[in-house]
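Given next are the chains, with one letter for each unit.
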Amino acid sequence: MSLKLSFNYKPFCGSALVNFYSKFRLPDNAKRVFDEMHDKEEVWYSAMIICLAQNSRCVNSLSVFADMRRRHLVSTVHSVSGALRAAELAAMEQCRIIYGHALVAGFDRNVVLGTALIDAYGKAGHVFDARRVFDENVRVLNVVACAFGRAGRLEDAEKIAMEIQFEPDAAVWRALLSSSALHGAPDMALRMAHRLLEVNRYDDSAYVIAANVLSASGRWDEVADMRKMMKDRRVRKEGGRSWIEVKGEVHVFLAGDRNHYRVEEIYAKLEELIEECEKLGYVPIWNEMLHKVEEREKTRALWYHSEKLALAFGLVSGTPPGKALRIVKNLKICRDCHESFKYISRMVEREIIVRDVNRYHRILNGSFTCGDIW
């Protein structure tokens, strides 16, 4: 109808279409609507920036924001906060540039923008910067005591989530779902999965984590129900990818990725790292758990996970000594990467910060701030 009446070219109707496609996780459709517009306004750009950020197209989101600035269009709170959300890929130089722009635009005291900035700094491991923004804005933010979930006080954590003054978002339910999985609580895991799906029915982690917890408890009928629901809704497990920013440029890696222009150096560095780590006592999972040659070779692919490739690139690219290596992964960091990074941090004498889908991990001198609970 909007096409027939040519309303799709109107700012608010068009941005509503972009928002619609965004919520149904169809960013390519949204981008098609956006590209068809001739005279794009601030409303359009805001909707597109947020759409791409919400659908894990962070690099594209930042690109659209940059295009908006080149066209000298007036920024809005929504466009700036959307760009900050996209900066969760550890692109701290871009994050600081966007924040500087927010200061000039007079948005520095806005609660939406302040919250987005705290989120961006926190996801990149800049806890003190996040705290500074919090103190500057003097905002009272209600948060769940993730500490309760990690400590196994699941009922207390759930009670806090139910009593907070604002509507809990996906991050709250996902944190409680992860805690339920950590402590092997299938009933609560199932409840948290359903609450997470009420917020976002396409969140693959809800299906996968709940199914894993239920299968560990032998509740196969419920596992089958969860998998059927996932299939009926055409939800697929998201592929792992990681980002690292080097000299102001963001580099994206997939598991087993060989498309990077420095691929030979990256893989050579990985081989060097694993040899040195083993000398320090690191035991790869494929050696620890598997005996058959073919299974060992298959599982050895763990060494080429996206976060390891990003780390190796950070090391070969000449990142200044003393500067932390900051990596973001769209999924939960795996056990093997988590363990190997301990040894690598000791070996290269560098601080490593990894932001995964649940939290950030700071590794220094072989120790994780998460206490090996994640």
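Okay, so let's go over this structure. (Residues numbered from 1 in each chain as written. Predicted model: local features only at pLDDT ≥ 70, side-chain atom pairs only at ≥ 80, totals over all residues. Heavy atoms only, no water.)

What to know about the sheet that holds strand β2 (residues 249–254)
Picture the strands of a sheet paired through backbone hydrogen bonds; they go either parallel or antiparallel.
So, point 1. Read across the sheet, six strands follow the order β2-β1-β3-β4-β5-β6 without closing on themselves; strand pairing throughout is mixed. Two strands close off the open sheet at either side, each with one partner strand: β2 and β6 (367–368).
So, point 2. Relative to β2, strand β1 (residues 241–246) runs antiparallel, the two sharing six bridges. If you follow Ser 242 over to β2, its bridge partner there is Phe 253.
So, point 3. Those strands touched by helix α18 (residues 306–316) are β1, β2, β3 (325–329) and β4 (352–355), and its axis lies near 15° from that of β1. (Pairing = 2+ DSSP bridges. Helix = DSSP H or I, 4+ residues; strand = E, 2+ residues; numbered from the N terminus. Contact = heavy atoms within 4.5 Å. Axes fitted to C-alpha atoms, helices over the stretch in contact; angles between N-to-C directions.)

Here we look at the pairing of β4
So, point 1. Every second residue of β4 is oriented toward a common face, with Ile 352 and Val 354 on one face and Ile 353 and Arg 355 on the other, all of them buried.
So, point 2. Of the pairings in the sheet, the one linking β3 to β4 comprises four bridges and is parallel in character. Directly across from Arg 326, in β4, lies its bridge partner Ile 353.
So, point 3. In this fold, β3 hands off to helix α19 (residues 335–348), which returns the chain to β4; that crossover is right-handed.
So, point 4. Hairpin connection from β4 to strand β5 (residues 360–364): four residues lie between these consecutive antiparallel strands. (Buried < 20%, exposed > 50% of the residue type's maximum accessible area, 1.4 Å probe, protein only. Right-handed = clockwise from strand over helix to strand, strands pointing away.)

As for the pairing of β3
So, point 1. Of all five residues in β3, four are buried, a share of seventy percent or more.
So, point 2. As defined by bridge partners, β1 adjoins β3 across three bridges and the pair is classed as antiparallel. What sits directly across from Ile 244, in β3, is Ile 327.

Describing the side chain of Arg 350
So, point 1. Mapped onto the secondary structure, Arg 350 falls in the loop between α19 and β4.
So, point 2. Separated by 3.0 Å, the side chain of Arg 350 and the backbone oxygen of Lys 323 make a polar contact.
So, point 3. Look past the residues within four positions of Arg 350 in its chain and what remains in contact with it is Leu 315, Thr 319, Pro 320, Pro 321, Gly 322, Lys 323, Leu 325, Ser 345, Ile 363 and Leu 364. (Polar contact = N/O pair within 3.5 Å; in protein donor to acceptor, adjacent residues only side chain to side chain.)

A closer look at the pattern of salt bridges
So, point 1. Counting across every chain of the model gives 17 salt bridges.
So, point 2. Put simply, Asp 35 and Lys 31 hold a salt bridge, and the shortest N to O gap is 2.8 Å. Placement of the pair is Asp 35 and Lys 31 together in helix α2 (residues 27–36), with a separation of four residues, close to one helical turn.
So, point 3. Put simply, Asp 67 and Arg 71 hold a salt bridge, and the shortest N to O gap is 3.1 Å.
So, point 4. Several salt bridges share partner residues, and in doing so they unite Asp 67, Arg 70 and Arg 71 into one network. (Salt bridge = Lys/Arg side-chain N within 4 Å of Asp/Glu carboxyl O.)

Here we look at the environment of Gly 248
So, point 1. Relative to the helices and strands, Gly 248 resides in the loop between β1 and β2.
So, point 2. It is 6.0 Å that separates the C-alpha atoms of Gly 248 and Glu 93, two residues lying 155 residues apart in sequence.
So, point 3. In this structure Gly 248 touches Glu 93 and Gln 94, once residues within four positions along its chain are discounted.

Side note on helix α3 (residues 42–54)
So, point 1. Over its 13 residues, α3 extends 18 Å from the first C-alpha to the last, a length consistent with the 18 Å expected when each residue adds 1.5 Å.
So, point 2. Buried residues of α3: Trp 44, Tyr 45, Ser 46, Ala 47, Met 48, Ile 49, Cys 51, Leu 52 and Ala 53, and no others.
So, point 3. Looking at the buried residues of α3, the elements they touch are α1 (11–23), α2, α4 (58–70) and α5 (77–86).
So, point 4. At the C-terminal side of α3, Ser 56 shows a positive phi close to 60°. (Expected span 1.5 Å × (residues − 1).)

Thoughts on a nonpolar patch on the surface
So, point 1. There is a patch of nonpolar side chains on the surface, built from Met 1, Leu 5 and Phe 7 and spanning about 350 Å² of accessible area.
So, point 2. Looking at where Met 1 falls in the secondary structure, it is placed in the segment before α1. (Patch = residues over 30% accessible without salt bridge, like charges linked within 9 Å, V, L, I, M, F, W, Y side chains within 5 Å. Areas by Shrake-Rupley, 256 points an atom, 1.4 Å probe, with all protein chains shown as cover.)

Digging into the layout of surface pockets
So, point 1. Approximately 410 Å³ is the volume attributed to the second largest pocket.
So, point 2. Along the wall of the second largest pocket there are 17 residues; nearest its centre are Phe 24, Arg 25, Leu 26, Pro 27 and Asn 55.
So, point 3. Element by element, the count of residues in the lining of the second largest pocket is highest for α2, at three residues.
So, point 4. Here the residues of the lining of the second largest pocket sort into five nonpolar, three polar and nine charged. (1 Å grid on protein atoms, 1.4 Å probe; cavity = no way out; pocket = protein on both sides within 12 Å on 5 of 7 lines; lining within 4 Å. Points joined across faces, edges and corners; volume = space filled by probe spheres on them. Nonpolar A, V, L, I, M, F, W, Y, C, P; charged D, E, K, R; others polar.)

A short note on the nonpolar core
So, point 1. Of all hydrophobic cores here, the largest spans 36 residues; its most connected members are Val 18, Met 48, Val 80 and Leu 84.
So, point 2. Elements with a contribution of two residues or more to this core: α2, α3, α4, α5, α6 (92–105), α7 (111–123) and α8 (127–137).
So, point 3. With eight residues, the top contributor of residues to this core is α3.
So, point 4. If sequence neighbours within four positions are ignored, Leu 84 has contacts with Cys 95, Ile 98, Leu 113, Ala 116, Leu 117 and Ala 120.
So, point 5. One finds Val 263, Leu 273, Ala 310 and Leu 325 within the second-largest nonpolar core, a separate group that totals 31 residues. (Core = buried A, V, L, I, M, F, W, Y, C linked by side-chain atoms within 4.5 Å.)

Describing unusual backbone geometry
So, point 1. With phi around 55°, Arg 25 is a residue other than glycine that occupies positive phi space.
So, point 2. As for its placement among the helices and strands, Arg 25 is situated in the loop between α1 and α2.
So, point 3. In this structure, Glu 349 is a non-glycine residue whose phi angle is positive, near 55°.
So, point 4. Residue placement: Glu 349 occurs in the loop between α19 and β4.
So, point 5. Using a relative accessible area of 69% as the deciding quantity, one classes Glu 349 as exposed.

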